[in-house]
Amino acid sequence: MLDLKFINTHLEAVKNGMDKRRAKIDFILLSDNDEKRKELLLKIEELRHTRNTVSDEIAKLKKSRENADSLIDKMRNVSDTIKALDKELAAIEKAIQDFLISLPNIPYEDVPVGKDETENHLERIWGTPRKFDFEIKPHEEIGENLGILDLARASKLAGARFPLYFGNGARLERALINFMLDTHVSQHGYTETLPPFIVNRATMTGTGQLPKFEEDLFKIEGWDYFLIPTSEVPMTNIYANEIIDESILPCKFTAYTPCFRSEAGSYGKDTKGLIRQHQFNKVELVKLTTPESSFEELESLLANAEKILQLLELPYQVISLCTGDLGFSAAKTYDIEVWMPSQNKYREISSCSNCLDFQARRAGIRFRRKGGKKPEYVHTLNGSGLAVGRTFAAILENNQNPDGSVVIPEILIPYMGGLKIIRHDV
RNA sequence: GGAGAAAUGGCCGAGUGGUCGAAGGCGCUCGCCUGCUAAGCGAGUAUGGGGGUUAAACUCCAUCGAGAGUUCGAAUCUCUCUUUCUCCGCCA
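Residues numbered from 1 in each chain as written. Chains lettered and ligands numbered in written order. Predicted model: local features only at pLDDT ≥ 70, side-chain atom pairs only at ≥ 80, totals over all residues. Heavy atoms only, no water.

A.B. asks: Give a detailed account of the overall build of chain A, specifying residues and quantitative values.
C.D. replies: A count of helices and strands for chain A gives 12 helices and 15 strands. Dimensions along the principal axes, computed over C-alpha positions, put chain A at roughly 100 × 45 × 40 Å. Expressed as a percentage of contacts within chain A between residues at least 6 apart in sequence, the contacts between residues at least 24 apart total 72%. Approximately 21,100 Å² of chain A is accessible, and the part contributed by carbon and sulfur atoms is 51%. Once the 56 positive and 63 negative side-chain charges of chain A are each reduced to a mean point, those two points are 3 Å apart. (Helix = DSSP H or I, 4+ residues; strand = E, 2+ residues; numbered from the N terminus. Contact = heavy atoms within 4.5 Å. Areas by Shrake-Rupley, 256 points an atom, 1.4 Å probe, with all protein chains shown as cover. Lys, Arg positive; Asp, Glu negative; His and termini not counted. Charge placed at Lys NZ, Arg CZ, Asp CG, Glu CD.)

Structure follows, in structure tokens:
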């Protein structure tokens, strides 16, 4: 959420930001409502002031056993007026709030301007895609042939877009989760958390999934609860509506959780394999920082996510999302895309964003500086470190052999109990 | 699921219709004092919004879990919700 005062004082910059995002926003209603709000508030405060002072007088009169009936009579009118105006004000404030809560973040100044994902900016490429001298297979085929993946039976259990791993496949997924968590905790200094997988409406609103994107979420029927689409949601909200001490910043959290997405509107996209699932595993990184350090922290968060791919020896590229491709809450986002041989292209495996104070204002996450008077909003950052299912897929494809076996990346071997290669279980 | 109790400032805790934004204590900050430390003394110590000021001072409005209501006036009374605790039942 943007600050109303900021919008009022920097209207052109805000409009420009929305244009760059290709978001069509009408600001006229907002300024009208804000004018009305100020007028009403002034009137109401005056009336409340009289009510407060006169009520004190009534109290004094009553104490000295004098008659206060005429004052009470007068106040009855004042009270009724206040009530009526209060209702008017509440309606206007709700309109303003509805507007603000649906307004996306402003792209940061150095974000490349562009209309959609075709205009994202390539930052760097790491590693070289391997040359195969045999007919390569997509990961779902490799997995099914090895008996470690069974998407057909998963669809019997739940439906399309659900995973079912077996044996060394299930173990590989778990190995990846443990490896990622261990690396972020012991090498990168994150605190491991294990948050709820279901959260309430306020929490979903804090990070920006609600109110605009409810159709992307799984909702628990009969409850105002939602399955998390990413652990960014519970982790970023840990300090919601709190004022935290500056000394705990930057605050770095990591978590493994399953993630649940309805994938509404993506029918026909990535229908095969593990790329797009209603349920997938993810290790997430979240940071709360001071405003002055958030971009520095974005770079290190990105580096932390990249480190996982480097250790797994998977080729990838980093791109900077253009203004038209930015997510709702993000001011700046880097995507990491891993090489997928069967598709002959790089596919998103991590998205690292700086949301500035956008989520912090929604969720009420503030901090106080040493000796500082006013609390300030923190900056929030998040990034996948990494999407586990897609990492699994990338390993299968990049490390496949002509006989259909898959080489386990060196770093994962201890996590696989010494297993170096996955062959079909006989 | 049934029965009951509770929710007040950073923390503990008083307050059941009127000078209560809230006693007292602890903690914290600043100052004083004392060989050091501890103790002692004094002052200060919530958040948001508006006015005011170079900045302050100052001032107004709101906030005692959340929302609605009663009343001239609500921390205090009523209703709904949320959370926590105790007992019973059930349960991984």
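A.B. asks: Break down a nonpolar patch on the surface for me, with residues and values.
C.D. replies: Taken together, the side chains of L194, F197, I198, W223 and Y225 present a nonpolar region at the surface, about 520 Å² in accessible area. With respect to the element layout, I198 can be found in strand β3 (residues 198-200). (Patch = residues over 30% accessible without salt bridge, like charges linked within 9 Å, V, L, I, M, F, W, Y side chains within 5 Å. Salt bridge = Lys/Arg side-chain N within 4 Å of Asp/Glu carboxyl O.)

A.B. asks: Tell me about helix α7 (residues 167-187), and name the residues and values.
C.D. replies: Between its first and last C-alpha atoms α7 spans 29 Å; for 21 residues at 1.5 Å apiece the expected length is 30 Å, and the two agree. Turning to α7, its buried residues number three or more, namely N168, G169, L172, E173, A175, L176, I177, F179, M180, L181, T183 and H184. Just downstream of α7 lies G189, where phi reads positive at about 80°. (Expected span 1.5 Å × (residues − 1). Buried < 20%, exposed > 50% of the residue type's maximum accessible area, 1.4 Å probe, protein only.)

A.B. asks: An account of the packing of aromatic side chains is needed here, citing residue identities and associated values.
C.D. replies: Inspection of the entire model under this criterion finds 11 aromatic pairs. Geometrically, the ring pair formed by Y108 and F295 is tilted, given 4.0 Å between the ring centres and 35° between the ring planes. Here Y108 is found in the loop between α4 (69-101) and β1 (121-126), whereas its partner F295 is found in helix α10 (residues 294-312), with 187 residues between them in sequence. Given the relative accessible area of 22%, F295 is considered partly exposed. Every member of this aromatic cluster is reached through a ring pair, and the members are F213, F328 and F358. Here K219 stacks its cationic end above the ring of F226, 5.6 Å away from the centre of that ring. The aromatic ring of Y190 is capped on one face by K252, whose charged end is 5.0 Å from the ring centroid. (Phe/Tyr/Trp six-rings, centres within 6.5 Å; stacked < 30°, edge-to-face > 60°. Lys NZ or Arg CZ within 6 Å of the ring centre and 35° of its normal.)

A.B. asks: Report on the protein's contact with RNA strand B, specifying residues and quantitative values.
C.D. replies: Near RNA strand B you find 20 residues, and of these H49, M75, R76, S79 and R368 are the closest. When atoms of RNA strand B within 4 Å of the protein are split into backbone and base, the sugar-phosphate part holds 75%. Here a sugar or linking oxygen of RNA strand B sits 3.4 Å away from a polar atom, N or O, in the main chain of I72. Within the side chain of R366, one N or O atom sits 3.1 Å away from a phosphate oxygen of RNA strand B. Breaking the surface near RNA strand B down by element, the ones donating at least two residues are α3 (28-63), α4 and β11 (365-368). Each residue belonging to the surface near RNA strand B can be placed in one class, and the counts come to 6 nonpolar, 4 polar and 10 charged. (Near = heavy atom within 4 Å. Polar contact = N/O pair within 3.5 Å; in protein donor to acceptor, adjacent residues only side chain to side chain. Nonpolar A, V, L, I, M, F, W, Y, C, P; charged D, E, K, R; others polar.)

A.B. asks: Break down the pairing of strand β8 (residues 316-320) for me, with residues and values.
C.D. replies: Along any regular strand the residues' side chains alternate between the sheet's two faces. Most of β8 sits out of view: 5 of its 5 residues are buried. Across the two faces of β8 the burial is the same, with Y316, V318 and S320 and Q317 and I319 all buried. Pairing geometry for β1 and β8, over 5 bridges, is antiparallel. Bridged to R124 within β8 is V318. In this sheet, strand β9 (residues 332-340) lies alongside β8 in antiparallel orientation, the contact comprising 5 bridges. Within β9, the residue paired with S320 across the bridge is Y334. (Pairing = 2+ DSSP bridges.)

A.B. asks: I'd like a description of the environment of I308, backed by residues and values.
C.D. replies: For I308, the position within the fold is in helix α10. For the pair I308 and E123, spaced 185 residues apart in the sequence, the C-alpha separation amounts to 18 Å. Dropping the residues within four chain positions of it, I308 is found in contact with F179, M180, T183, H184, G385 and L386.

A.B. asks: Tell me about the sheet that holds strand β13 (residues 379-387), residues and numbers included.
C.D. replies: The strand order across the open sheet formed by 8 strands is β1-β8-β9-β10-β13-β7-β6-β2, and the pairing between neighbours is mixed. Both edges of this open sheet fall to β1 and β2 (191-193), since each of them pairs with a single strand only. For this sheet the average axis-to-axis angle between neighbouring strands, irrespective of direction, equals 25°. Across the sheet, α10 touches β1, β7 (279-289), β8, β9, β10 (345-354) and β13, and the angle it forms with β13 is around 5°. (Axes fitted to C-alpha atoms, helices over the stretch in contact; angles between N-to-C directions.)

A.B. asks: Describe in detail the environment of C352, supporting the description with residues and values.
C.D. replies: With respect to the element layout, C352 can be found in strand β10. In this structure the C-alpha to C-alpha distance between C352 and N382, which are 30 residues apart in sequence, comes to 5.6 Å. With residues up to four places along the chain from it excluded, the contact list for C352 reads L298, L301, L302, A305, K332, T333, Y334, N382 and G383.

A.B. asks: Describe α4, and please don't skip the residues or the numbers.
C.D. replies: Along its 33 residues, α4 runs 47 Å from first to last C-alpha, staying within 8% of the 48 Å computed at 1.5 Å per residue. Of all the residues in α4, the buried ones are L71, M75, V78, I82, L85, L89, I92, I96, F99, L100 and I101. In this structure, the buried residues of α4 make contact with α1 (4-9), α3, α8 (201-207) and α11 (358-363).

A.B. asks: Explain the nonpolar core to me, using residue names and the numbers behind them.
C.D. replies: Counting residues in hydrophobic clusters, the biggest one holds 49 residues, and the most contacted among them are L172, L176, M180, L309, I336, F392 and L412. Each residue touching M180, except ones within four places of it in the same chain, is listed here: V283, I308, G385, L386, V388 and T391. Core analysis: the next-biggest nonpolar cluster, separate from the first, contains 21 residues, L4, V14, L30 and I96 among them. (Core = buried A, V, L, I, M, F, W, Y, C linked by side-chain atoms within 4.5 Å.)

A.B. asks: Tell me about the confidence of the model for chain A, and name the residues and values.
C.D. replies: Mean pLDDT for chain A: 93, with 99% of residues reaching 70 or above. At the level of chain-chain contacts, confidence expressed as ipTM amounts to 0.84, with global pTM at 0.92. (pLDDT = per-residue confidence, 0-100.)

A.B. asks: With reference to specific residues and values, describe unusual backbone geometry.
C.D. replies: With an omega dihedral of 5°, the bond running from L210 to P211 counts as a cis peptide bond. Take P211: it is sitting in the loop between α8 and β4 (225-227). Residue G385 is joined to L386 through a cis peptide bond whose omega torsion reads 15°. Along the chain, L386 turns up in strand β13. Residues other than glycine seldom take positive phi values, yet R161 does so here, at roughly 70°. Its place among the elements puts R161 in the loop between α6 (151-157) and α7. If you check the backbone angles, N241 has positive phi at about 55° while not being a glycine. Structurally, N241 is set in the loop between α9 (232-236) and β5 (242-245).

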